[in-house]
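# Coordinates in review
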Amino acid sequence: MSTTVSHPVSDIATMLRRNLRHAQRYPGVSLGTLGMPVVMLLLFGVVFGKTFKAGLGGGDFNYIDYLIPGILLITVTSGTMGPAIAVCTDMAEGIVARFRTMSMFRPAVLTGAVLGSVLQILTSLALVLGFALLIGFRPNASFGDWLLVVGLLVALTVAFTWLAVALGLVSKTPEGASNIVLPLNLLFPFLSTTFIPLEAMPKGIRWFAEYQPFTPIIETLRHLLIGTPAKPGDGWVALAWCAAIAVVGYFWAQKNYNKGTVA
């Protein structure tokens, strides 16, 4: 920690290494990021896949293909618990107060935490995608489509990680931090087009699902990966949501970190 404020890249790299080492010491959090989407993929894609397919009218399509874009989003949101708990723990234990007394680049602490979590979530995304291919996922995306998919997933991961860090900073305890991100893991994925299309939902739920951020992101990924029709502008709406969430999360996190409060 002998770096100075004139070496922001070095300070960020130091904090990134710290967070990656913490991830190695507590592999349960990383496994949890991977476990939830895999269980959902097996449950909804394999166990109940034929039932969901029949409910959507049957036909010659693979329900796992339909499901995977939503599962990728669930993989991202499952990874939000780790950074929320980590930054809340650092604040509660006073480690952040010690960092503030050091001659270091001030945003390095949060930036390192975000980069470490992003790398872990992207690794989980690759593993989930590989597992999906093993059990029957057959995308027809072109090379250009895959580049757009990767870009959107990276943008989504960065956005939700910053939001998770901000939520962790306003939590009073690590337990509270684990609970405060639950809507990202449960409410929004289930009340979206992850499992069924908008047309199959009751009217009130359909309205919420249509205008919440997850649905345009899922539909954009679905369009890119398997070629389903997408509403005009869905891709731009998805990017706009990612940008808005990232901006809100970043400035909210920096504000609470600079205040030195958790409330």
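We now turn to the structure provided with this report. Just so you know, these numbers come straight off a predicted model, no measurement behind them.

Tallying secondary structure elements over the protein gives 14 helices and zero strands in all. Counted from the first residue to the last, the protein has its helices and strands arranged as α-α-α-α-α-α-α-α-α-α-α-α-α-α. Expressed as a percentage of the 263 residues in the protein, the buried residues total 46%. Within the protein, residue pairs in contact and separated by at least 24 positions form 79% of the contacts whose partners lie at least 6 positions apart. Surface accessibility of the protein: about 12,500 Å² in total, with carbon and sulfur atoms responsible for 70%.

Attention now goes to the packing of aromatic side chains. Per the counting criterion, the structure on display carries 10 aromatic pairs. For the pair Phe44 and Phe195, a centre-to-centre distance of 4.4 Å together with 40 degrees between the ring planes defines the contact as tilted. Of this pair, Phe44 sits in helix α2 (residues 27-47) while Phe195 sits in the loop between α11 (187-190) and α12 (203-211), and the two are 151 residues apart along the sequence. Of the two residues, Phe44 and Phe195, neither departs from the other in class, the shared state being buried. In this structure an aromatic cluster arises from ring pairing among Phe160, Phe188, Phe208 and Phe214. In this structure, Arg222 is placed above the aromatic ring of Tyr66, and the distance from its NZ or CZ to the ring centre is 3.6 Å.

The subject of this paragraph is the pattern of salt bridges. The full count for this structure, using the stated rule, is two salt bridges. Of the charged contacts in the structure, one is a salt bridge between Glu219 and Arg222, with a shortest N-O distance of 2.7 Å. Of this pair, Glu219 and Arg222 are both found in helix α13 (residues 214-226), three residues apart, which corresponds to roughly one turn of the helix. For the pair shown, Glu219 and Arg222 are each scored as buried.

This next bit is on the packing of helix α4 (residues 63-78) against helix α7 (residues 108-134). Two numbers describe how α4 lies on α7: the axes approach to 9 Å, and their chain directions differ by 150 degrees. When the interaxial angle is binned, α4 and α7 end up roughly antiparallel. The handedness of the crossing between α4 and α7 comes out as right-handed. Contacts between α4 and α7 involve Ile68, Ile71, Leu72, Thr75 and Val76 from the first element and Ile121, Ser124, Leu125, Val128, Leu129 and Ala132 from the second. The class makeup of the residues in the contact of α4 with α7 is nine nonpolar, two polar and no charged.

With that out of the way, let us pick up the nonpolar core. By size, the foremost hydrophobic cluster in this structure holds 46 residues, and its most contacted members are Ile68, Phe137, Phe160 and Ile217. For this core, the secondary structure elements donating two or more residues are α2, α4, α5 (81-93), α7, α8 (143-169), α13 and α14 (234-259). Considering each element in turn, this core owes the most residues, 10 residues, to α4. The next biggest cluster of nonpolar side chains, apart from the first, holds 16 residues, and it includes Met15, Leu169, Ala253 and Tyr257.

So, about α7. When the terminal C-alpha atoms of α7 are compared, their 39 Å separation across 27 residues agrees well with the 39 Å that a helix rising 1.5 Å per residue should span. Gly136, located one to two residues past α7, shows a positive phi value of around 125 degrees.

Topologically, Ser117 is positioned in helix α7. Look past the residues within four positions of Ser117 in its chain and what remains in contact with it is Pro83 and Thr161.

Running from N to C, α8 and α14 cross one another at 30 degrees; their axes reach a closest spacing of 7 Å. Between α8 and α14, the interaxial angle falls into the category roughly parallel. Crossing geometry of α8 relative to α14 is assigned as left-handed. Facing α8, whose interface residues are Leu152, Ala155, Leu156, Ala159, Phe160, Trp162, Leu163, Val165, Ala166, Leu167 and Leu169, α14 presents Ala238, Leu239, Cys242, Ile245, Ala246, Gly249, Tyr250, Trp252, Ala253, Gln254, Asn256 and Tyr257. Along the lines of polarity and charge, the residues of the contact of α8 with α14 split into 20 nonpolar, three polar and no charged.

Before going further, it helps to spend a moment on the environment of Thr173. By the secondary structure assignment, Thr173 is in the loop between α8 and α9 (174-180). Only 3.0 Å separates the side chain of Thr173 from the backbone nitrogen of Gly176, close enough to count as a polar contact.

Next up on the list: the environment of Ile217. Residue placement: Ile217 occurs in helix α13. For the pair formed by Ile217 and Leu153, sequence separation is 64 residues and the distance between their alpha carbons is 9.2 Å. Setting aside chain neighbours within four positions, we find Ile217 in contact with Leu73, Leu152, Leu156, Ala238 and Cys242.

Definitions and cut-offs
- Residues numbered from 1 in each chain as written.
- Predicted model: local features only at pLDDT ≥ 70, side-chain atom pairs only at ≥ 80, totals over all residues.
- Heavy atoms only, no water.
- Helix = DSSP H or I, 4+ residues; strand = E, 2+ residues; numbered from the N terminus.
- Buried < 20%, exposed > 50% of the residue type's maximum accessible area, 1.4 Å probe, protein only.
- Contact = heavy atoms within 4.5 Å.
- Areas by Shrake-Rupley, 256 points an atom, 1.4 Å probe, with all protein chains shown as cover.
- Phe/Tyr/Trp six-rings, centres within 6.5 Å; stacked < 30°, edge-to-face > 60°.
- Lys NZ or Arg CZ within 6 Å of the ring centre and 35° of its normal.
- Salt bridge = Lys/Arg side-chain N within 4 Å of Asp/Glu carboxyl O.
- Axes fitted to C-alpha atoms, helices over the stretch in contact; angles between N-to-C directions.
- Parallel < 35°, antiparallel > 145°, perpendicular 65-115°, else oblique.
- Left-handed = near helix turned anticlockwise from the far one by under 90°.
- Nonpolar A, V, L, I, M, F, W, Y, C, P; charged D, E, K, R; others polar.
- Core = buried A, V, L, I, M, F, W, Y, C linked by side-chain atoms within 4.5 Å.
- Expected span 1.5 Å × (residues − 1).
- Polar contact = N/O pair within 3.5 Å; in protein donor to acceptor, adjacent residues only side chain to side chain.

That is the geometry; function is a separate question.
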